Amino acid sequence: MSIGSRLARERRNRNLTQEQLAEKLGVTRQAVSRWESDTAYPETDKIVRMATLFGVSCDYLLGVAEREGEAPPSPVTRLLQAAVGKRLLLSFYEEENTVGCRWCQILDFDGGWANVEFVKDKKGEKRDRRLIPLSSIRTITILPEGGKD
């Protein structure tokens, strides 16, 4: 979750409008809007003031730490988050899941499933999308950016 998403969620949880939050911080409503849309970032003193106002840590607002009482993401979740959208090689416990691909991309994941797009030809024109159970993946290898097929 982005900084802007966290700010917007915490502001809404306290039933504040962008204008009300802006007044409390001494900024314009447009500044709050830019922060929440991730087109600009608040100054450090504003982050500290919002953390105090929202009753959360600065680390939470910045995305460095999870919210109090929330479990941190598992190592598998962190790996999958890093792998989303990158060129990958996946190996599976059962080889029929490979569908003869050259490389693939994890488009997104949720719970125990990943939405994977397999690239089957050198030009990347033949593709196959599948919902794959995470438990079937043996290894994930992240390929270098701009690598050759």
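Residues numbered from 1 in each chain as written. Predicted model: local features only at pLDDT ≥ 70, side-chain atom pairs only at ≥ 80, totals over all residues. Heavy atoms only, no water.

Visitor: So what about the overall build of the protein chain? Which residues, and what values?
Guide: Looking only at helices and strands, the protein chain has 6 helices and 5 strands in total. For the protein chain, the sequential pattern of α-helices and β-strands runs α-α-α-α-α-α-β-β-β-β-β. A separation threshold of at least 6 residues defines the contact pool for the protein chain, and within that pool the share at least 24 residues apart is 45%. With the model as given, the accessible surface of the protein chain reaches about 9,100 Å², and the carbon-plus-sulfur share is 49%. (Helix = DSSP H or I, 4+ residues; strand = E, 2+ residues; numbered from the N terminus. Contact = heavy atoms within 4.5 Å. Areas by Shrake-Rupley, 256 points an atom, 1.4 Å probe, with all protein chains shown as cover.)

Visitor: So what about the packing of aromatic side chains? Which residues, and what values?
Guide: As enumerated under the stated definition, the model contains 0 aromatic pairs in all. Its guanidinium or amino end placed over the ring of W103, R87 lies 4.7 Å from that ring's centre, counting from NZ or CZ. (Phe/Tyr/Trp six-rings, centres within 6.5 Å; stacked < 30°, edge-to-face > 60°. Lys NZ or Arg CZ within 6 Å of the ring centre and 35° of its normal.)

Visitor: Please provide a residue-by-residue account of the pattern of salt bridges, values included.
Guide: Summed over the entire model, instances satisfying the criterion amount to 7 salt bridges. The shortest N-O distance in the salt bridge between K46 and E43 comes to 3.7 Å. Of the residues examined, K46 reaches a relative accessible area of 10% and is grouped as buried. Looking at E43, the relative accessible area reads 51%, which means it is exposed. Across the salt bridge formed by E117 and R129, the nearest N and O atoms sit 3.2 Å from each other. Residue E117 is found in strand β3 (residues 113–119), and its partner R129 is found in strand β4 (residues 127–133); the two are separated by 12 residues along the sequence. When its relative accessible area of 10% is taken as the criterion, E117 is described as buried. Three or more residues joined by partner-sharing salt bridges are found here, namely E43, D45 and K46. (Salt bridge = Lys/Arg side-chain N within 4 Å of Asp/Glu carboxyl O. Buried < 20%, exposed > 50% of the residue type's maximum accessible area, 1.4 Å probe, protein only.)

Visitor: So what's going on with the packing of helix α2 (residues 18–25) against helix α4 (residues 44–54)? Which residues, and what values?
Guide: Look at α2 against α4: their axes get within 11 Å of each other, and the N-to-C directions meet at 115°. Where α2 crosses over α4, the two elements pack in a sense that is right-handed. Contacts from L21, K24 and L25 in α2 reach K46, R49, M50, L53 and F54 in α4. Partitioning the contact of α2 with α4 into residue classes produces 5 nonpolar, no polar and 3 charged. (Axes fitted to C-alpha atoms, helices over the stretch in contact; angles between N-to-C directions. Left-handed = near helix turned anticlockwise from the far one by under 90°. Nonpolar A, V, L, I, M, F, W, Y, C, P; charged D, E, K, R; others polar.)

Visitor: Residue-level account of helix α3 (residues 29–36), with values.
Guide: Taken together, the buried positions of α3 are occupied by A31, V32, W35 and E36. All buried residues of α3 lie within an arc of 135° about the axis, which places them on one face of the element. Among the structural elements, α1 (3–13), α2 and α4 are those in contact with the buried residues of α3. D38 sits one or two positions beyond α3 and adopts a positive phi of about 60°. (Arc of directions from axis to C-beta.)

Visitor: Summarise the nonpolar core; cite the residues concerned and give the values.
Guide: Of all hydrophobic cores here, the largest spans 15 residues; its most connected members are L7, L21, W35, M50, F54 and L61. Going through the elements one at a time, α2, α3, α4 and α5 (58–62) are the ones with two or more residues in this core. Of the residues forming this core, the biggest block, 4 residues, is contributed by α4. Setting aside residues up to four positions removed in sequence, W35 forms contacts with G4, L7, L25, V27, A40, Y41, P42, K46 and M50. If you look at the next biggest cluster of nonpolar residues, it comprises 13 residues, including L80, C104, A114 and V116. (Core = buried A, V, L, I, M, F, W, Y, C linked by side-chain atoms within 4.5 Å.)

Visitor: Tell me what's going on with the environment of L89, and back it up with residues and numbers.
Guide: Within the secondary structure, L89 sits in strand β1 (residues 88–92). Looking at L89, the relative accessible area reads 36%, which means it is partly exposed. Taking C-alpha positions, L89 is 6.6 Å from I142, a pair spaced 53 residues apart along the chain. Residues contacting L89, with those up to four places away along its chain left out, are R102, W103, T139, I140, T141 and L143.

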